[in-house]
Amino acid sequence: MIFAINEINNYPEMLPNVKLGYKIYDNCGTMDILRAALALVSGLKGEVRDDNCTKAETVQAILGHSGSRPTIAFEQVVGRFHIPVISHFATCACLSNKKEYPTFFRTIPSDYYQSRALAKLVRHFGWTWIGAIAVNNKYGLNGVAAFVQGAQENGVCIEYSEAFSSSDPPDRLQRIIEIIKHGTSKVIMAFMSHREIKLLSTALYKQNVTGLQWVGSDAWITDHSLTDSEGHSILVGSLGFTVSRAQIPGLEEHLRELLPSQFPDSQFVRDFWENTFDCSLNETANTQRKPCSGFESLQNVESQFTDVSELRFTNNVYKSVYAVAHALDNLIKCEDGKGPFSTGGCADIKHIQPWQVLQYLSTVNFTTGEGERVYFDKNGDSPARYELVNLQMTNKGTMDGITVGIYDASFPESRQFIMNKIPVVWGNGLTEEVPVSVCSESCLQGTHKVLQKGRPVCCYDCIPCPAGEISNLTDSIHCMKCPPEYWSNSQRDACIPKAIEFLVYDEILGMLLALFSLLGVFVTMITTLVFYCHKETPLVRANNSELSFLLLFSLTLCFLCSLTFIGRPSEWSCMLRHAAFGITFVLCISCVLGKTIVVLMAFRATLPGSNVMKWFGPAQQRLSVVAFTLIQVLICILWLTISPPFPFKNLLLYQDRIILECDLGSAVGFWAVLGYIGLLAVLCFVLAFLARKLPDNFNEAKFITFSMLIFCAVWITFIPAYVSSPGKFTVAVEIFAILASSYGLLFCIFLPKCFIILFRPEQNTKKHIMGKTSNNDIHY
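Residues numbered from 1 in each chain as written. Predicted model: local features only at pLDDT ≥ 70, side-chain atom pairs only at ≥ 80, totals over all residues. Heavy atoms only, no water.

Comments concerning the overall build of the protein chain
Then comes step 1: Each helix and strand counted, the protein chain has 20 helices and 24 strands in total.
Then comes step 2: Here the protein chain has a C-alpha radius of gyration of 53 Å; the compact-globule value for 780 residues is 28 Å, and the former is much larger.
Then comes step 3: Counting only contacts in the protein chain whose residues sit at least 6 apart along the sequence, the fraction spanning at least 24 positions is 65%.
Then comes step 4: With an accessible surface of roughly 39500 Å², the protein chain has 59% of that area assigned to carbon and sulfur atoms.
Then comes step 5: For the protein chain, the distance from the average position of its 63 positive side-chain charges to the average position of its 68 negative side-chain charges is 16 Å. (Helix = DSSP H or I, 4+ residues; strand = E, 2+ residues; numbered from the N terminus. Rg over C-alpha atoms; globule rule 2.2 N^0.38 Å. Contact = heavy atoms within 4.5 Å. Areas by Shrake-Rupley, 256 points an atom, 1.4 Å probe, with all protein chains shown as cover. Lys, Arg positive; Asp, Glu negative; His and termini not counted. Charge placed at Lys NZ, Arg CZ, Asp CG, Glu CD.)

Re the state of the cysteines
Then comes step 1: One pass over the full model with this rule turns up nine disulfides.
Then comes step 2: Two residues, Cys 92 and Cys 94, share a disulfide whose sulfurs are 2.4 Å apart. Given an S-S torsion of about 130°, the disulfide between Cys 92 and Cys 94 has right-handed geometry.
Then comes step 3: By relative accessible area, which is 13% here, Cys 94 ends up buried.
Then comes step 4: Two residues share a disulfide in this structure: Cys 574 and Cys 662, whose sulfurs sit 1.9 Å from each other. Disulfide Cys 574-Cys 662: torsion about the S-S bond near -80°, hence left-handed. In this pair, Cys 574 is assigned in helix H15 (residues 571-605) and Cys 662 in strand S24 (residues 657-663), connecting sequence segments 88 residues apart.
Then comes step 5: In this structure Cys 574 comes out as buried when scored by relative accessible area, which is 0%.
Then comes step 6: Cysteine Cys 558 remains unbridged, with the sulfur of Cys 588 as its closest cysteine sulfur at 4.8 Å.
Then comes step 7: Residue class for Cys 558 comes out buried when judged on its relative accessible area of 0%. (Disulfide = S-S within 2.5 Å. Buried < 20%, exposed > 50% of the residue type's maximum accessible area, 1.4 Å probe, protein only.)

Here we look at unusual backbone geometry
Then comes step 1: Geometrically, the link from Gly 64 to His 65 is a cis peptide bond, its omega value of -5° lying close to zero.
Then comes step 2: Mapped onto the elements of the fold, His 65 is located in the loop between strand S1 (62-63) and helix H3 (68-78).
Then comes step 3: Despite not being glycine, Leu 15 has its phi angle at roughly 50°, a positive value.
Then comes step 4: Its place among the elements puts Leu 15 in the loop between helix H1 (2-9) and helix H2 (30-42).
Then comes step 5: Relative accessible area serves as the criterion here: at 3%, Leu 15 is assigned to the buried category.

Here's the deal with a nonpolar patch on the surface
Then comes step 1: Residues Ile 508, Met 511, Leu 512, Leu 515, Phe 516, Leu 519, Phe 522, Ile 526 and Leu 529 make up a contiguous nonpolar surface patch of about 880 Å² in total accessible area.
Then comes step 2: With respect to the element layout, Ile 526 can be found in helix H12 (residues 508-533). (Patch = residues over 30% accessible without salt bridge, like charges linked within 9 Å, V, L, I, M, F, W, Y side chains within 5 Å. Salt bridge = Lys/Arg side-chain N within 4 Å of Asp/Glu carboxyl O.)

Here's the deal with empty space enclosed by the protein
Then comes step 1: Tallied over the full model, the rule gives one cavity of 30 Å³ or more.
Then comes step 2: Here the largest cavity defines a volume of roughly 60 Å³.
Then comes step 3: Of all elements in the fold, only S24 and helix H19 (728-759) reach the threshold of two or more residues within the lining of the largest cavity.
Then comes step 4: A per-element tally of the lining of the largest cavity places S24 first, with four residues.
Then comes step 5: A per-class count over the lining of the largest cavity returns eight nonpolar, two polar and three charged. (1 Å grid on protein atoms, 1.4 Å probe; cavity = no way out; pocket = protein on both sides within 12 Å on 5 of 7 lines; lining within 4 Å. Points joined across faces, edges and corners; volume = space filled by probe spheres on them. Nonpolar A, V, L, I, M, F, W, Y, C, P; charged D, E, K, R; others polar.)

Notes on the side chain of Ser 87
Then comes step 1: Here Ser 87 shows up in strand S2 (residues 85-87).
Then comes step 2: When neighbours within four sequence positions are excluded, Ser 87 is seen to be in contact with Gly 64, His 65, Phe 104, Phe 105, Arg 106, Thr 107, Ile 108 and Ser 320.

A short note on the pattern of salt bridges
Then comes step 1: For the structure on display, the rule yields 19 salt bridges.
Then comes step 2: In this structure, Glu 485 and Lys 649 form a salt bridge, with 3.7 Å as the shortest nitrogen-oxygen distance. With a gap of 164 residues between them, Glu 485 in the loop between strand S19 (480-481) and strand S20 (486-488) and Lys 649 in strand S23 (residues 646-650) connect regions that are remote in the sequence.
Then comes step 3: Between Arg 657 and Asp 656 there is a salt bridge, with its nearest N and O atoms 3.4 Å apart.
Then comes step 4: Using a relative accessible area of 37% as the deciding quantity, one classes Asp 656 as partly exposed.
Then comes step 5: One continuous salt-bridge network, built from bridges that share partners, spans Lys 319, Glu 372, Arg 385 and Asp 408.

Considerations on H1
Then comes step 1: Of all eight residues that make up H1, six are buried, and the element is covered over most of its length.
Then comes step 2: Taken residue by residue, H1 has Ile 2, Phe 3, Ala 4, Ile 5, Ile 8 and Asn 9 as its buried positions.
Then comes step 3: Lining the buried residues of H1 we find helix H8 (251-256) and helix H10 (313-332).

In structure tokens:
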């Protein structure tokens with residue numbers, strides 16, 4: 001402070017024609033500090049001999065104290081007199097409360113920012129399960145409270161939070177030791193002073209509690225006296241934030257010019273001098289040391305006092321002095337009409353009041369020679385800048401804080417915390433393996449966190465995502481549903497397109513159905529060939545060969561149309577399969593119906609005086625087949641025009657796959673096609689049933705009755721099977737119905753005839769076909 005004041009007084013551009021003075025109170029203890037503050041408020045004692053100097057009744061600013069607890073005590077008193085107080089080391093967040101401490105400023109960041117930075121530090125290394133211990137005063141309790149809040153915002157859980165002070169009975173400290181020993185967290189955040197951390201580390205060392213990772217506040221993390229404690233080895237590897245180091249040009253030379261005569265009443269200077277030079281300044285004292293002259297030189301002495309390589313909190317004192325100087329400089333250089341007071345007035349520089357200095361101090365904004373910007377926010381706090389230090393053992397056997405990173409709250413959120421490339425020594429004694437402190441291990445991709453009942457949010461179980469949901473991040477809280485056309489893979493960490501399922505030729509079911517369809521075509525063609533080769537035989541001619549060949553042709557189409565149901569549905573295939581099915585089956589049933597009517601007409605024609613066959617000759621038979629078929633063609637045209645079938649992705653039937661099927665378009669059109677086929681089939685069945693007992697040796701109506709019975713049974717069974725079959729089995733059921741009914745017609749109507757043609761040629765004669773039974777009185 002003295003160095004800074006002398007530097008300012010020798011700088012002509014700042015405070016011209018003004019010299020700063022000071023009064024130092026070096027008493028310890030809260031009560032003595034409070035008395036010193038009251039003395040400063042009441043006015044300076046002593047006379048100022050310079051006639052040109054105007055002495056104020058009270059000081060314009062107070063620098064100090066270094067501790068939060070004494071500062072809290074005297075600032076509440078000093079604040080009533082509007083005297084600004086600037087501390088270089090009082091970090092308690094409570095001092096940011098302007099209602100209680102309206103004149104307080106500090107050049108060290110508040111513990112609020114330090115606590116938030118510590119919370120981000122803990123989260124940076126993945127420590128989500130930690131313990132917290134604080135000193136039992138406002139500094140510790142407020143600091144750990146801010147830390148807990150910041151930790152929770154960063155997803156960190158506190159296993160326990162305890163507080164004690166150096167004045168507590170031993171059992172209190174022992175209880176905390178037991179909590180640490182039985183805790184599962186491997187990281188402990190200690191928000192306390194060097195006194196408490198020494199007590200705690202010594203107690204842990206005596207009970208051989210090692211391997212813990214300590215995270216500390218700036219009140220102890222860089223304290224050089226830690227090495228003197230018995231349990232200092234426990235603290236090796238500790239991490240913590242402290243204010244940035246700085247260079248103050250000329251300070252070392254100033255310190256080395258110290259002489260006891262400059263401070264004759266300072267016991268500190270006296271003790272320092274005697275210990276440094278191993279002599280005695282008091283000749284009358286009974287000592288074995290040689291007498292000191294008081295003019296020994298510190299120029300070549302290496303001591304902690306002259307070491308300026310670690311100027312951290314010292315730099316805060318330097319900035320405090322300059323902040324007051326800049327405030328006074330701005331006050332003195334005020335231009336009338338541009339001042340901060342009412343009507344733009346300026347202060348009377350002959351009678352400067354502390355409240356005026358306070359007004360200017362809140363607006364100072366300057367940059368030090370090292371390039372550091374100094375200003376105060378609305379709470380009197382400085383910008384939050386820290387260095388991350390790691391306590392490591394040096395070759396000299398002492399612990400030293402090595403800077404391994406920086407934190408600057410003025411930077412964007414993603415760049416506030418930066419690690420450098422210096423290796424970090426961890427509390428487990430390793431440099432490469434970062435300690436792990438979690439309540440539960442991270443949930444891998446494909447799982448999500450489920451909280452354990454009655455425990456903090458950091459304690460959870462990892463549950464695999466349900467089918468159809470994924471998590472592609474670690475520690476995911478929820479599983480995301482896949483889009484409708486996607487499904488989760490087996491690892492549940494990615495959505496993959498759902499398998500599209502339809503009846504294909506490559507699978508066994510498709511191959512069997514196609515095989516039976518082609519087999520039906522082959523058998524039909526063989527039957528046609530047999531009939532064609534024996535077309536002049538009585539059996540073929542007696543059973544209406546023209547309708548028989550047309551029926552065989554329509555059966556061939558029926559077998560072939562089943563193939564259109566196999567394969568990937570498209571717009572054309574969907575329309576073709578249903579139209580071809582409806583038309584070919586009507587053509588088939590029309591031929592059977594024509595043959596049935598011919599049987600009935602032929603019987604009526606053999607009766608005496610009957611002439612009905614002329615009304616249902618070959619021309620009428622062809623016309624009836626064409627007419628019945630055209631009606632179905634008209635129904636299909638209306639269906640395909642108004643609302644045709646179309647390919648449809650069924651996402652509802654199965655969750656894990658898509659069924660590609662043909663939507664009917666208009667269900668009315670589909671059931672109209674089926675209904676018309678059913679109507680013809682029933683009509684044909686009824687007519688054939690009526691003609692089944694006509695007195696012929698070879699009555700075709702019997703076989704038509706059986707074929708229609710099979711046909712109707714198949715399609716009546718088809719309806720519930722079609723409605724209830726899932727996915728591609730719906731198509732398989734429809735193909736099965738087509739094939740079954742086609743085979744039924746083929747075998748029932750043509751198999752007996754082929755058997756006679758090929759194996760019973762003696763029955764394929766006109767005499768046998770036109771012959772009559774013993775009870776038959778009818779002549780053909």
